[in-house]
Amino acid sequence: MPVVCYLLQTHNNPDQIHRLVNAIISTSSRPWVLICHDPRFCNLDVKRFKQLGQVEVIWAEGGRGDFKIVRSYLDAIGWLLQNKIDFDWLVNLSGQDYPTQPLSYLEQRLESSPYDGYMEYFPVDKTHPWIGFSGEDRYFYQYLRLIPNLNPLIRGIISPFKTIINVSQPLVRLNLSYGLMLGLKARSTPFNDTFSCYGGSFFKTLSRACAEYLYNHSLDHPELVSYYEQTVIPDESYIQTVLVNSNLFKICNNNHLYVDFSDSIRHGRPRILTSEDYPCLLTHEVFFARKFDPAVDTKILDQLDQRIFTTNSSE
């Protein structure tokens, strides 16, 4: 059975993180968990997590909308390699994700997998699922973050002007997804006929070979990192762009993660799942789902626990 490292990038709700780690450790055949936690929002009791088993906690600055979450991911791979951690596959999750079936099932599939990775990817210049602005707006402009956070009132005042500016000319873009960001059309981009820009979900399962290639590529091509550091939501493009353009790996275009964006027209964020969503999670092609919030609905997590722990104990 392969060794799977479950990389959790977290920033809040220690009890929810603990529940997730316990589910991973309890239903994985050869579990190894690395938590990259941003301590700016809450602290984690490291001893509490290490008592669960093969768990390590490191500190990392996270964030959405900029390159910090990608940097945290790359740094985590570097930490695994530098500490000579034995792993065959790397699965990245957030603290609000949860398994939908015993992870031994996922590991059995990975053991005989013909693929090097499982991740969503698509060319950003064609049809994509993003709402509100195009892939070109995200990755063919270079952005400055003028105001890190916007309250709803200010956002509402600026929003009509953003729409007018963005549709009336091609040189400037305003983005309000993660604060107020001003983008100028890039004079040159790293993208061309042989190096296309790809997009997709940040959450994926990669073989060790993919992870090592991605990490080394970031060291060997700092100019690509610098470019993506000034884009919007680089976590939904950088890794896909590097791995797909390499032409070295066989990637399955499915990350086996259930997400519901049906209520995200205004903000582009996935809906919090509840017990009413439970039937949607029972397919064998889904191993994780997001997002969960016990403050909204804890019954769905209890239902998933019943499924994954009962099934696992009956093997």
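Preceding this section is the structure that the text describes.
Residues numbered from 1 in each chain as written. Predicted model: local features only at pLDDT ≥ 70, side-chain atom pairs only at ≥ 80, totals over all residues. Heavy atoms only, no water.

Caption draft 1: Region of the structure containing the pairing of strand E4 (residues 89-94). Burial analysis of E4 places six of its six residues in the buried class, which makes it a mostly covered element. Side-chain alternation along E4 places Trp 89, Val 91 and Leu 93 on one buried face and Leu 90, Asn 92 and Ser 94 on a second face that is also buried. One ladder, built from six bridges, connects strand E1 (residues 4-10) with E4; its direction is parallel. Bridging from a neighbouring strand, Cys 5 pairs with Leu 90 of E4. Sheet topology places E4 next to strand E12 (residues 205-207); three bridges connect them, and they run antiparallel. The residue of E12 that forms the bridge with Leu 90 is Leu 206. (Buried < 20%, exposed > 50% of the residue type's maximum accessible area, 1.4 Å probe, protein only. Helix = DSSP H or I, 4+ residues; strand = E, 2+ residues; numbered from the N terminus. Pairing = 2+ DSSP bridges.)

Caption draft 2: A look at the sheet that holds strand E8 (residues 141-147). Taken in spatial order, the three strands make up an open sheet running E8-E10-E9, and their pairing is antiparallel. Of all strands in the sheet, those with a lone pairing partner are E8 and strand E9 (172-175), marking the two edges. The average undirected angle you get between the axes of adjacent strands in this sheet is 25°. Relative to strand E10 (residues 180-185), E9 runs antiparallel, the two being bridged by four bridges. Opposite Leu 174, over in E10, you have Leu 182 as the bridge partner. Contacting E9 and E10, helix H6 (residues 152-168) crosses the sheet at an angle of about 150° to E9. (Axes fitted to C-alpha atoms, helices over the stretch in contact; angles between N-to-C directions. Contact = heavy atoms within 4.5 Å.)

Caption draft 3: Molecular detail of the nonpolar core. Ile 35, Leu 214 and Tyr 238 are the most contacted members of the largest nonpolar core, which totals 91 residues. A total of seven residues in this core trace back to one element, the largest contributor, which is helix H3 (residues 68-82). Discounting chain neighbours no more than four positions away, the residues touching Ile 35 are Leu 8, Thr 10, Ile 17, Val 21, Leu 44, Phe 49, Val 55, Glu 56, Val 57 and Ile 58. By size, the runner-up hydrophobic cluster in this structure holds five residues, among which are Leu 150, Ile 158, Leu 176 and Leu 180. (Core = buried A, V, L, I, M, F, W, Y, C linked by side-chain atoms within 4.5 Å.)

Caption draft 4: Main features of the environment of Leu 7. Summarising the element assignment, Leu 7 is placed in strand E1. Classification of Leu 7 by relative accessible area gives buried; the value is 1%. Separated by 28 residues in the primary sequence, Leu 7 and Ile 35 have C-alpha atoms spaced 5.9 Å apart.

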